[in-house]
Protein chains: 4
Amino acid sequence: MHIGIIGLGKMGANMRDRLRERGHEVTGYDRNAQVSDVADVAQLIEALPAPRLVWVMVPAGAVTDAVITELSGVLTAGDLVIDGGNSRFTDDFVHAELLAAKGVHYIDAGVSGGVWGLTNGFGLMVGGSAEQVERAMPVFDALRPEGPREESFVHAGEVGAGHYAKMVHNGIEYALMQSYAEGYELLEKRDDLIKDVPGIFKAWQRGTVVRSWLLELLVKALDEDPELREIEGFVEDSGEGRWTIEEAINNAVPVPTISAAIFARFVSRQDDSPAMKAVAALRSQFGGHAVKKAD
Amino acid sequence: MHIGIIGLGKMGANMRDRLRERGHEVTGYDRNAQVSDVADVAQLIEALPAPRLVWVMVPAGAVTDAVITELSGVLTAGDLVIDGGNSRFTDDFVHAELLAAKGVHYIDAGVSGGVWGLTNGFGLMVGGSAEQVERAMPVFDALRPEGPREESFVHAGEVGAGHYAKMVHNGIEYALMQSYAEGYELLEKRDDLIKDVPGIFKAWQRGTVVRSWLLELLVKALDEDPELREIEGFVEDSGEGRWTIEEAINNAVPVPTISAAIFARFVSRQDDSPAMKAVAALRSQFGGHAVKKAD
Amino acid sequence: MHIGIIGLGKMGANMRDRLRERGHEVTGYDRNAQVSDVADVAQLIEALPAPRLVWVMVPAGAVTDAVITELSGVLTAGDLVIDGGNSRFTDDFVHAELLAAKGVHYIDAGVSGGVWGLTNGFGLMVGGSAEQVERAMPVFDALRPEGPREESFVHAGEVGAGHYAKMVHNGIEYALMQSYAEGYELLEKRDDLIKDVPGIFKAWQRGTVVRSWLLELLVKALDEDPELREIEGFVEDSGEGRWTIEEAINNAVPVPTISAAIFARFVSRQDDSPAMKAVAALRSQFGGHAVKKAD
Amino acid sequence: MHIGIIGLGKMGANMRDRLRERGHEVTGYDRNAQVSDVADVAQLIEALPAPRLVWVMVPAGAVTDAVITELSGVLTAGDLVIDGGNSRFTDDFVHAELLAAKGVHYIDAGVSGGVWGLTNGFGLMVGGSAEQVERAMPVFDALRPEGPREESFVHAGEVGAGHYAKMVHNGIEYALMQSYAEGYELLEKRDDLIKDVPGIFKAWQRGTVVRSWLLELLVKALDEDPELREIEGFVEDSGEGRWTIEEAINNAVPVPTISAAIFARFVSRQDDSPAMKAVAALRSQFGGHAVKKAD
């Protein structure tokens, strides 16, 4: 199959490689000419046989909006656009409608696996019509890991379902990471008793209830830096985690661990906490408790 | 009434003053000779008419244990000890038994009001027998604020009930403070829209649902330092908050806001968070996300 | 001053009464003819002297949108609309712009106090231009409680600031309520030790750190029903609490207590929790733990 | 090696089987004569060659205390007791001292793997002296899964370190389960959009960041009952989760996700929530909001 990819960042470039390794022809376009196969989107469209299949792998939000809008102007009826980026599922409804006006089909594909996807394959959650999903199946099969299709690929529902599932995946991911991290701190704090924190995580890899891929990554990180001395406890967050909370609120779903994981990241990035300044101020007012003066 | 007080720190000294202002005779003992009325506990006991009433107002835990033990050796049958400190309610059972062996009575008194108690009066929650509570009522009436007794005093149950109620009071207090603090940060963060954060808290003092004494204290703090520039977001916690969580766990009571308030204080005291180092390490492992290198 | 009010529900009708009691002339319109002073909005507009002042007090969202849109068609340059409902602050930007196109001014007014506002007065947080806020001051002064203006009224910023402040107020309110509620359960659960739960809350009203208006309301509720036997633990939530979380997420503000309060309400309305079904299922899978079969 | 096991419940019996399958001689004692190899502890001791190795696998707390006390009376210097149950690590200190007085050695072994341990092997975290741990290694090697020893076994420190590590393991386990469960509810709630919830979990098994053994168990559970109709959202909790919170509090470690997971279990077991009754009562007091009357 001949596939176009727009966006050749870390993820897009890995996908191009993996698709080519599995026998697909891929033409990639990126604003960065050094990694791009073609000079512009027009050339990309020209290079692809109709009906075309264009995989979009650019940052969610404004950039994806711009790319989809541009594509809606140049693609023709029967073409198929797959948004493999981390778009919000509500954006999918807009993008699908925009393209549908030109007879262009749309699939949203949530993609998991990070930088390991190139070698391991990517977990895929897609939304769209059964017909279009079937049409793109050779691409999905090349991108996903070896093994039974249903263990790495799901057609989750109509347009939007793929990104919704990916959003929830990332919300869970945040909470899982925070869970291990709290355990790490509980072990690390008792260095009077616990003499081998990395060894404990290593030993959890087989037989235990908590074994997982994230655990293996933590083992790897502790192998490289047993006390995490080289790393600061400063953690960014991205759209999906936030949207997960917002959807939870919209649907009255209690998400105490996912929200705790997000809030911990917010706090990790603060030099000083306005909220805790207020608590310190209050405590000083009623108790005459000493406060730490800011420098 | 002639009352003995052991412990003349901030709280004990204020109580001595308030009791004297209201016509009671008070003999106070403190290890600090500069504030003490007598040289030692022996002199204190001697100064008091039998049956004696001794109010203990020293730090909870080891110090209170030591004082109660000492008192059990010198008091005589019919005397009454009131522990007004922040003891854990489970300690009360031990202390009461120790004294009962000598025929000495025991009341546990939870005291709220902080440094404002001297002028405003102290809120009181007490545990013990009806007879002993009645006997000490003149002391309680002098310590508590003006107004109907039931609005500032409660006989909550047998020994331990007073400190249990005080423990819960402090757990609530932690959560209330955190609630306002989160609101403060939400207002402060939007300085593009909100032009008068202190004015908002001030305006909440009458008519609103969130009006409270803590709110008034926050208004006071913001009057003194409208952007809380002089204060660091570093907050200690004391026994009661922690015991509240422990009792919640023991009794299967969900306490998400009280625990959140405690955890926020723990985080506020960390230079760097081991947990968030672990999250950053994980994120770097799977996503190739850049991490902030520790210095 | 002659004021128009649109919306004579519980809050709007109370405001009409309070304004009239304080000497203002009020013409109210409501779809319910039994409480309305006029037959329709056209009559209301006609009844008011230009430049008019119209206070809108209808449900936030679609209803408020419709009323503002209707007003933008019938009001004339120089008139002033005040939205006293619980609108989302982002809606204020839209409403202000819509009216500004006709030369009509706009103020957003967050109103707190519930059904007690009629007698106690309402706490007010407003957003808009200094000029318009000054113009409407007689109305604000009549609605707010007696006492210094700054203790019940704040001009928080330009349009949107009033409803933003009210949103935060309600977020705090949710967390405060949850804080007391957790304390209530901690006391109630230990009925072996605690013999007078209502008495404890009553005794916290003077002298303690946790005294507040909400505490007084809880005392009132426990006076009426000491074990809360007549009431089910089923709690609705409204827009402001949810928006508070959403804004917290948008602005990277950690709000663990406010979110915990919302989630507790979500859970309170569930017959069975899908999440806890999943946990039970997992537990059964790895531990062979017995599960409770659904009926 | 000839090993004694006390306690032949689900876990102990599985261990006996696994040890025998791997060539060890095992004499097991249980109060239930139907599963026991000997009539009483005396016979067990007699059957074992000195120096003896006795693995204790009985419920934590009082039962374990009783067994250790009994063993301290019948074992002789040089014998070794391994507590493989879910004892609190602080109990280990007491048990080790009790036995040391008789010259009997002690190892605490945290064991993970549930009912799957028989076939998969058990993850092991042990505390004790290097010498005794080395001595018992053939037992550990037979119990743990195939593969490198360090991936399923850790000597975490001196006595207590094994159970501390296991306690933290279980705290993490609780939070991981809750994380997936919140994701499940987010997916299940949007049945308008998401058409294959079990398929999504199934597809996460390869390639994704959230893949884990718990995920596989959830897939298995959803295979058996795709909508979890047969199961009630009622979840017990056991000691380790509670102790994790207690230790977190003792060591000032923030554990928002682990505590959220525990609290969710507490709530899942309540017919009605006293806390939410209090919130409903408050809401009714200030807002005139309708409450749901209890039946």
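Residues numbered from 1 in each chain as written. Chains lettered and ligands numbered in written order. Predicted model: local features only at pLDDT ≥ 70, side-chain atom pairs only at ≥ 80, totals over all residues. Heavy atoms only, no water.

**Points about the overall build of chain A**
Filter applied, for reference: In DSSP terms, a helix is any run of H or I states spanning at least four residues, a strand is any run of E spanning at least two, and both are numbered starting from the N terminus. Accessibility here uses a 1.4 Å probe with only protein chains present; expressed as a share of the type maximum, an area under 20% marks a residue as buried, one over 50% as exposed, and anything in between as partly exposed. Should any heavy atoms of two residues lie within 4.5 Å, those residues are counted as being in contact. Accessibility throughout is a Shrake-Rupley quantity obtained with a 1.4 Å probe, and a residue counts as covered only by protein chains that appear here. Lys and Arg are tallied as positive, Asp and Glu as negative. Neither His nor the chain termini are counted. By convention, charge coordinates are those of NZ in Lys, CZ in Arg, CG in Asp, or CD in Glu.
Helix and strand content of chain A: 13 helices and 7 strands. Counting only C-alpha atoms and orienting by the principal axes, one finds that chain A spans roughly 75 × 45 × 40 Å. When the 295 residues of chain A are sorted by exposure, 63% land in the buried category. Taking contacts inside chain A between residues at least 6 apart in sequence as the whole, the part at least 24 apart equals 65%. Accessible surface for chain A amounts to roughly 10,100 Å². Of this, 49% is attributable to carbon and sulfur atoms. Computing the positive centroid from 28 side-chain charges and the negative centroid from 44, chain A places the two 5 Å apart.

**A look at the sheet that holds strand β3 (residues 53–56) of chain C**
Residues and elements named next belong to chain C. We count it as follows: Being paired, for any two strands, means DSSP has found at least two bridges between them. Fitted lines through C-alpha atoms give the axes, limited to the stretch in contact for helices. The angle between two N-to-C directions lies from 0 to 180 degrees.
Pairing within the open sheet is mixed, and its 7 strands lie in the order β2-β1-β3-β4-β5-β6-β7. Two strands bound the open sheet, and with one partner strand each, they are β2 (25–29) and β7 (153–157). Averaged over all adjacent pairs, the angle separating strand axes in this sheet is 25 degrees, with direction ignored. Bridge count between strand β6 (residues 123–127) and β7: 4 bridges; the pairing is parallel. Within β7, the position partnered with leucine 124 by the bridge is phenylalanine 153. Strands β1 (2–6), β2, β3 and β5 (105–112) of the sheet are contacted by helix α1 (residues 10–21), whose axis makes an angle of about 170 degrees with β1. Where helix α4 (residues 89–100) meets the sheet, it contacts β4 (80–83) and β5, and its direction lies at approximately 150 degrees from that of β5.

**What about helix α10 (residues 213–224) of chain B?**
Put simply, the rule reads: For a helix, the expected span equals 1.5 Å multiplied by the residue count minus one. Polar contact criterion, stated in full: a pair of N or O atoms within 3.5 Å, where within protein one must be able to donate a hydrogen and the other to accept it, and residues adjacent in sequence count only if both atoms are side-chain atoms.
Across its 12 residues, α10(B) extends 17 Å between first and last C-alpha, which sits within 8% of the 16 Å expected from 1.5 Å per residue. Among the residues making up α10(B), those that are buried are B:Trp213, B:Leu214, B:Leu215, B:Leu217, B:Leu218, B:Val219, B:Ala221 and B:Leu222. Contacts from the buried residues of α10(B) go to α13 (274–287) of chain A together with α8 (161–189) and α9 (197–203) of chain B. With a side-chain oxygen lying 3.4 Å from the backbone nitrogen of B:Leu214, the N-terminal cap of α10(B) falls on B:Ser212.

**Some details on the interface of chain A and chain D**
As a reminder, the rule being used: Two parts placed together each lose some accessible area under a 1.4 Å probe, and the buried area is that loss summed for both. The salt bridge criterion pairs a side-chain nitrogen of Lys or Arg with a carboxyl oxygen of Asp or Glu, the two atoms within 4 Å. Side-chain classes are defined by residue name, with Ala, Val, Leu, Ile, Met, Phe, Trp, Tyr, Cys and Pro counting as nonpolar, Asp, Glu, Lys and Arg as charged, and the others, Gly among them, as polar.
Opposite the 74 residues of chain A that make contact, chain D presents 74 residues. Looking at the side of chain A facing chain D, the largest losses of area belong to A:Leu186, A:Arg206 and A:Val209, adding up to 12% of the total buried there. Residues D:Arg190 and A:Glu247 are paired through a salt bridge, measuring 3.6 Å at the closest nitrogen-oxygen approach. Here chain A and chain D share 24 residue pairs in polar contact (both at pLDDT 80 or more) between them. Counting only elements with at least two residues in the side of chain A that touches chain D, the list comes to α4 (89–100), β6 (123–127), β7 (153–157), α8 (161–189), α9 (197–203), α10 (213–224), α11 (239–250) and α12 (256–268) of chain A. In the side of chain A that touches chain D, the residues fall into 37 nonpolar, 22 polar and 15 charged.

**Considering the relation of the copies chain A and chain D**
Test applied: To superpose the copies, least squares is applied to the C-alpha atoms of every residue with a pLDDT of at least 70 in both.
Each copy superposes on the other: chain A lies on chain D with an RMSD of 0.0 Å after a rotation of 180 degrees and an axial shift of 0.0 Å. In symmetry terms, the pair is related by a two-fold rotation axis. Residues of chain A ranked by C-alpha distance from the rotation axis are headed by A:Ser212, positioned 1.9 Å from it. Here 100% of the interface residues in chain A have copies in chain D that are interface residues too; the copies meet face to matching face.

**Regarding the interface of chain A and chain C**
Of the residues lining the interface, 20 residues belong to chain A; the matching set on chain C comes to 20 residues. Note on chain A versus chain C: buried area summed over both sides is about 1,600 Å², and carbon and sulfur give 75% of it. Summed over the three residues of chain A that lose the most area to chain C, namely A:Ile249, A:Pro254 and A:Phe263, the buried surface amounts to 38% of that side. Joining chain A to chain C, the criterion identifies 0 salt bridges. Scanning the region where chain A abuts chain C turns up 2 residue pairs in polar contact (both at pLDDT 80 or more). Listing elements by their share of the side of chain A that touches chain C, those giving two or more residues are α11 and α12 of chain A. When its residues are assigned to classes, the side of chain A that touches chain C shows 14 nonpolar, 3 polar and 3 charged.

**Details of the packing of α11(A) against α12(A)**
Residue and element names in this part refer to chain A. Quick note on the threshold: Any angle that is under 35 degrees is reported as roughly parallel, and any over 145 degrees as roughly antiparallel; angles of 65 to 115 degrees are reported as roughly perpendicular and all others as oblique. In this scheme, a crossing is called left-handed if the near helix is turned counterclockwise away from the far one by less than a right angle; it is called right-handed if the turn is clockwise.
With their axes 10 Å apart at the nearest point, α11 and α12 run at an angle of 135 degrees to one another. In terms of orientation, α11 and α12 fall into the oblique class. Where α11 crosses over α12, the handedness of that crossing is left-handed. The residues of α12 that touch α11, namely those facing Gly241, Arg242, Thr244 and Ile245, are Ile258, Ser259, Ile262 and Phe266. Classifying every residue of the contact of α11 with α12 gives 4 nonpolar, 3 polar and 1 charged.

**Regarding the relation of the copies chain A and chain C**
When chain A is brought onto chain C, the operation consists of a screw motion whose angular component is 180 degrees and whose axial shift is 0.0 Å, with 0.0 Å RMSD remaining. Most of the interface of chain A is mirrored in chain C: 100% of its interface residues are interface residues there too.

**Focus: the packing of helix α8 (residues 161–189) of chain D against helix α12 (residues 256–268) of chain D**
The axes of two packed helices give the description: the angle between them and the distance between them. All names here are of chain D. Closest axis-to-axis distance for the α8/α12 pair is 8 Å, and the angle between their directions is 70 degrees. With respect to α12, the element α8 is oriented roughly perpendicular. Here Gly171, Ile172, Tyr174, Ala175, Met177 and Gln178 of α8 come into contact with α12, specifically with Thr257, Ile258, Ala261, Ile262, Ala264 and Arg265.

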